[in-house]
Amino acid sequence: MTSPHRSGGLLARMRSRRAVPRSRARRRVGSALRLIAALALAGGLYTAFAPAISAQDAPLSPAAMEGKALFDNSCISCHGMNGQGIEGRGPSLIGVGAASVEFQVGTGRMPLGSQNAQALEKPPVFDEEQTRQIAQYVQELGGGPALPDGDNLHSGGDVAAGGQIFRLNCSSCHAFGGGGGALSSGKFAPRLSDTTDRVIWAAMLSGPQNMPVFGDNQLTPEQKRDVVAYVQETLKDRDPGGFNLGRLGPTTEGLAVFVVGMTALIFTALWIAGKS
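Note that this is a predicted model, so its numbers are computed, not measured.

J.: An account of the overall build of the protein chain is needed here, citing residue identities and associated values.
T.: Of regular secondary structure, the protein chain possesses 12 helices and two strands. The proportion of buried residues among the 276 residues of the protein chain is 29%. Partitioning the contacts of the protein chain with sequence separation of at least 6, the portion at a separation of at least 24 is 57%.

J.: Lay out helix α10 (residues 197-206) in plain terms, naming residues and giving numbers.
T.: Of all 10 residues in α10, nine are buried; the element is thus mostly enclosed. Inspection of α10 places Asp197, Arg198, Val199, Ile200, Trp201, Ala202, Ala203, Met204 and Leu205 among the buried residues, and these make up the whole buried set. The inward-facing, buried residues of α10 contact α6 (98-106), α7 (128-142) and α11 (221-236). Just beyond α10, the residue with positive phi is glycine 207, at close to 65 degrees.

J.: Could you give me a rundown of the pattern of salt bridges, with the residues and numbers involved?
T.: A full pass over the atoms with the stated rule returns six salt bridges. Ionic pairing is found between glutamate 102 and arginine 198, a salt bridge with its closest N-O pair at 2.8 Å. Here glutamate 102 is found in helix α6, whereas its partner arginine 198 is found in helix α10, with 96 residues between them in sequence. Each member of the pair glutamate 102 and arginine 198 is classed as buried. With its nearest N and O atoms 3.0 Å apart, the salt bridge here joins lysine 224 to aspartate 216. Classification of lysine 224 by relative accessible area gives buried; the value is 0%. Aspartate 216 sits in the partly exposed class, given a relative accessible area of 44%. The network of salt bridges with common partners includes Glu128, Arg132 and Asp151.

J.: Requested: an account of the UniProt feature "binding site: heme c 1" (unreviewed entry) in the protein chain, with residues and values cited.
T.: The feature "binding site: heme c 1" (unreviewed entry), as annotated in UniProt, sits at Cys75, Cys78 and His79 in this numbering. Locating cysteine 78 in the fold gives a position in helix α5 (residues 76-79). Topologically, histidine 79 is positioned in helix α5. In this structure histidine 79 touches Phe71, Gln84, Gly85, Ile86, Gly90, Pro91 and Leu93, once residues within four positions along its chain are discounted.

J.: Describe in detail the packing of helix α8 (residues 159-169) against α11, supporting the description with residues and values.
T.: Contact geometry for α8 and α11: axes closest at 7 Å, N-to-C directions at 90 degrees. Between α8 and α11, the crossing angle belongs to the class labelled roughly perpendicular. Facing α8, whose interface residues are Val159, Ala161, Gly162, Gly163, Ile165, Phe166 and Arg167, α11 presents Gln223, Asp226, Val227, Ala229, Tyr230, Val231 and Glu233.

J.: Outline the nonpolar core, supporting the account with residue identities and numerical values.
T.: Nonpolar side chains in soluble globular proteins tend to end up buried together. Of all hydrophobic cores here, the largest spans 21 residues; its most connected members are Leu147, Phe166, Trp201, Met204, Val227 and Val231. Counting residues per element, the ones that place at least two in this core are α6, α8, α10 and α11. Among the elements that line this core, the one with the most residues is α10, at seven residues. Apart from the residues within four sequence positions on either side, tryptophan 201 is in contact with Leu147, Pro148, Leu153, Pro221, Lys224, Arg225 and Val228. In this structure, Leu70, Val101, Phe126 and Ile134 belong to the second largest nonpolar core, which totals 14 residues.

J.: Got a sec to walk through the side chain of arginine 109? Specific residues and values, please.
T.: Looking at where arginine 109 falls in the secondary structure, it is placed in the loop between α6 and α7. Judged by its relative accessible area of 6%, arginine 109 falls in the buried class. Side chain to side chain, arginine 109 and threonine 107 meet in a polar contact 2.9 Å long. The residues touching arginine 109, leaving out its near neighbours within four places in the chain, are Phe103, Gln104, Ala119, Leu120, Glu121, Lys122, Pro190 and Gln209.

J.: Describe α11, naming the residues involved and giving the relevant values.
T.: With 16 residues, α11 ought to run about 22 Å at 1.5 Å a step, and its terminal C-alpha atoms sit 23 Å apart, in line with that. Those residues of α11 that are buried are in contact with α8 and α10.

J.: I'd love a proper account of the packing of aromatic side chains, names of residues and values included.
T.: Following the criterion strictly, the structure yields two aromatic pairs and no others. Seen from their ring centres, phenylalanine 71 and tyrosine 137 are 5.3 Å apart, and the 55 degrees between their planes marks the pair as tilted. Of this pair, phenylalanine 71 sits in helix α4 (residues 62-74) while tyrosine 137 sits in helix α7, and the two are 66 residues apart along the sequence. You can call phenylalanine 71 buried: its relative accessible area is 1%. A ring pair is formed by phenylalanine 166 and tyrosine 230, whose centres lie 5.3 Å apart and whose planes are at 45 degrees; its orientation type is tilted. Here tyrosine 230 lies in helix α11 and phenylalanine 166 lies in helix α8, a separation of 64 residues in the sequence.

Rules behind the numbers
- Each residue is numbered by its place in its chain's sequence as written, counting from 1.
- Only residues with pLDDT of 70 or above have their local features reported here, since the model is predicted, and side-chain atom pairs are shown and tallied only from 80 upward, although totals for entire chains, interfaces and linings are computed over all residues.
- Side-chain measures here rest on the full set of heavy atoms in the structure, leaving out hydrogens and waters.
- Every helix listed is a DSSP run of H or I at least four residues long, and every strand listed is a run of E at least two residues long, numbered separately from the N terminus.
- Buried residues are those whose accessible area, probed at 1.4 Å on protein chains only, stays under 20% of the maximum for their type, while exposed residues exceed 50% and partly exposed ones sit between those limits.
- Should any heavy atoms of two residues lie within 4.5 Å, those residues are considered in contact.
- Between Lys or Arg on one side and Asp or Glu on the other, a salt bridge is scored when a side-chain nitrogen of the former is within 4 Å of a carboxyl oxygen of the latter.
- UniProt positions are given in the numbering used here, feature names are shortened, and annotations may be inferred rather than shown by experiment.
- Fitting a line to C-alpha atoms yields each axis, with helices limited to the stretch in contact; the angle taken between N-to-C directions then spans 0 to 180 degrees.
- In this scheme, roughly parallel covers angles under 35 degrees and roughly antiparallel covers those over 145, while 65 to 115 is roughly perpendicular and the rest are oblique.
- Residues belong to a common nonpolar core when they are buried Ala, Val, Leu, Ile, Met, Phe, Trp, Tyr or Cys residues joined through side-chain atoms within 4.5 Å.
- Two N or O atoms count as a polar contact when they lie within 3.5 Å, although within protein this holds only if one can serve as hydrogen donor and the other as acceptor, and sequence-adjacent residues are included solely when both atoms are side-chain atoms.
- Residue count minus one, scaled by 1.5 Å, sets the expected span of a helix.
- Pairing of aromatic rings covers Phe, Tyr and the six-membered ring of Trp, with a centre-to-centre limit of 6.5 Å; geometry is then stacked below 30 degrees between planes, edge-to-face above 60, and tilted otherwise.

Spelled out as structure tokens, the structure:
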């Protein structure tokens, strides 16, 4: 007598096995395996496409390691262990970049001294090397805009072209001569005297306080070099009118002389009229 399975061949046996219902234990094991595979796939995709996590896992350079030690001692209380920020204390530094750190820390605005309308410039806590180490750590932590190498960033810049860009984009806040000016809500645009090429460049890249960001899409690196060259060239000039009355040349000085002279003449005329 011939078995019905054997008579149907391999295809019949496979159909017979599929027809048999799987046990509950086998179904649970299969579901667990599918769940583990899905979690592993999701974790792999997240690790591959999350830049912050990738940056943290990457080994730090020697400069960044030094910066991390400084960061852990002085910045962690406001910006968190990994620069992720703490609500009510300090913003996240992920994606901020080295340029912002060099501006804020290099000019003494950070660590923050007091809660004012805007951070005030003061003698920096960290020296130049320490500032760049902290900046390198923040850069490797989460990426962002970074400054070019070197301290001389105005060499080869076109002063005339930089002046045109400055008058169009910067003079409304910093005045034509870089003397600064008042803004709304108790804020102000600082004077540009005694500043360095890297600080000017960093301000354009990071947009501190109320200043807009001038990324490389708004101003190319060549145009930034022109602006830095113009600012540094302007700072070399003496006050055009001989007195520091807005650095606007003889206009303000002439107006001051006119007001003082007319006031003196009026009082003199009144005095003579009173005596006659």
